[in-house]
Amino acid sequence: MSTVGALFAHMARPPFTFFVPWMQDWLSFLSKRTGIVHSASDMTPVAASLPKAYTEWAAEVRSTVPPKQLLEYHPRQGWPPLCDFLGVPPTECPTAPYPRDDSKDRWDRAVVWVSLATYKWPLILLVPVAVLGLITWASLRFVLGMG
């Protein structure tokens, strides 16, 4: 939760502020739909609201989706339950380990990139412009015979 919350907090800062009105509308919709409360100051989910929202959402899914069309699944279970649910014969079920791309390290890297874009964006934009300016200045001095 803290990593996802950090992403939301960074998205509320420049240069992403043009997203803020849209994100506030989206989070308002999500809050009404899921029961997750978001902080008004930085749009991060309020941790205390998450367990209740998840429990209510799971209960609604279980009561709405027909049992034959519902798979309650955790990626740690691997391929067999998923293949069985989808009707894939065991001989055609993948034997490779189930992929795991939602690691904490991956989210932490995303937060680093977003924070760089949030706090360092003037440098990211200005350094190439300054380098080009210096190259142009040096080239003009050379061409004009001043250096």
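Placed above this text is the structure.
Here goes a summary of the coordinates provided. The structure displayed is predicted, hence computed values, not measured ones. (Residues numbered from 1 in each chain as written. Predicted model: local features only at pLDDT ≥ 70, side-chain atom pairs only at ≥ 80, totals over all residues. Heavy atoms only, no water.)

### Overview of the overall build of the protein
In terms of regular secondary structure, the protein is built from six helices and zero strands. Element order for the protein, N to C, with α for helix and β for strand: α-α-α-α-α-α. In the protein, 42% of the contacts between residues at least 6 apart in sequence involve partners at least 24 apart. For the protein, the accessible area works out to roughly 11200 Å², and carbon and sulfur atoms hold 67% of it. (Helix = DSSP H or I, 4+ residues; strand = E, 2+ residues; numbered from the N terminus. Contact = heavy atoms within 4.5 Å. Areas by Shrake-Rupley, 256 points an atom, 1.4 Å probe, with all protein chains shown as cover.)

### Remarks on the state of the cysteines
A full pass over the atoms with the stated rule returns one disulfide. A disulfide bridge connects C83 with C93, and the sulfur atoms are separated by 2.3 Å. Across the S-S bond linking C83 and C93, the dihedral sits near 85 degrees, which makes this disulfide right-handed. Of this pair, C83 sits in helix α4 (residues 79-86) while C93 sits in the loop between α4 and α5 (104-119), and the two are ten residues apart along the sequence. Here C83 falls in the buried class, since its relative accessible area comes to 7%. A relative accessible area of 12% places C93 in the buried class. (Disulfide = S-S within 2.5 Å. Buried < 20%, exposed > 50% of the residue type's maximum accessible area, 1.4 Å probe, protein only.)

### Remarks on the packing of aromatic side chains
Evaluation of the coordinates by the stated rule reveals three aromatic pairs. Between Y54 and W57 the ring centres are 5.9 Å apart and the planes differ by 45 degrees, which places this aromatic pair in the tilted class. Here Y54 and its partner W57 are both found in helix α3 (residues 50-64), three residues apart, which amounts to about one turn of the helix. Among the aromatic residues, ring-to-ring pairing joins Y73, W79 and Y98 into one connected group. (Phe/Tyr/Trp six-rings, centres within 6.5 Å; stacked < 30°, edge-to-face > 60°.)

### A short note on the environment of P94
Along the chain, the position of P94 falls in the loop between α4 and α5. A relative accessible area of 37% means that P94 is categorised as partly exposed. The spacing of P94 and C83 is eleven residues in sequence and 8.6 Å in space, taken between C-alpha atoms. Excluding residues within four positions of it along the chain, P94 makes contact with W79 and C83.

### Points about the pattern of salt bridges
Once the charged atoms of two side chains with opposite charge are near each other, the side chains can pair. What the rule picks out here adds up to two salt bridges. With a closest N to O distance of 3.4 Å, E56 and K52 form a salt bridge. Of the two residues, E56 and K52 both sit in helix α3, four residues apart, roughly one turn of that helix. In this structure, E72 and R62 form a salt bridge, with 2.8 Å as the shortest nitrogen-oxygen distance. Of the two residues, E72 is situated in the loop between α3 and α4 and R62 in helix α3; the sequence distance between them amounts to ten residues. Taking the relative accessible area as the measure of exposure, E72 reaches 48% and is therefore partly exposed. (Salt bridge = Lys/Arg side-chain N within 4 Å of Asp/Glu carboxyl O.)

Geometry only, nothing functional implied.
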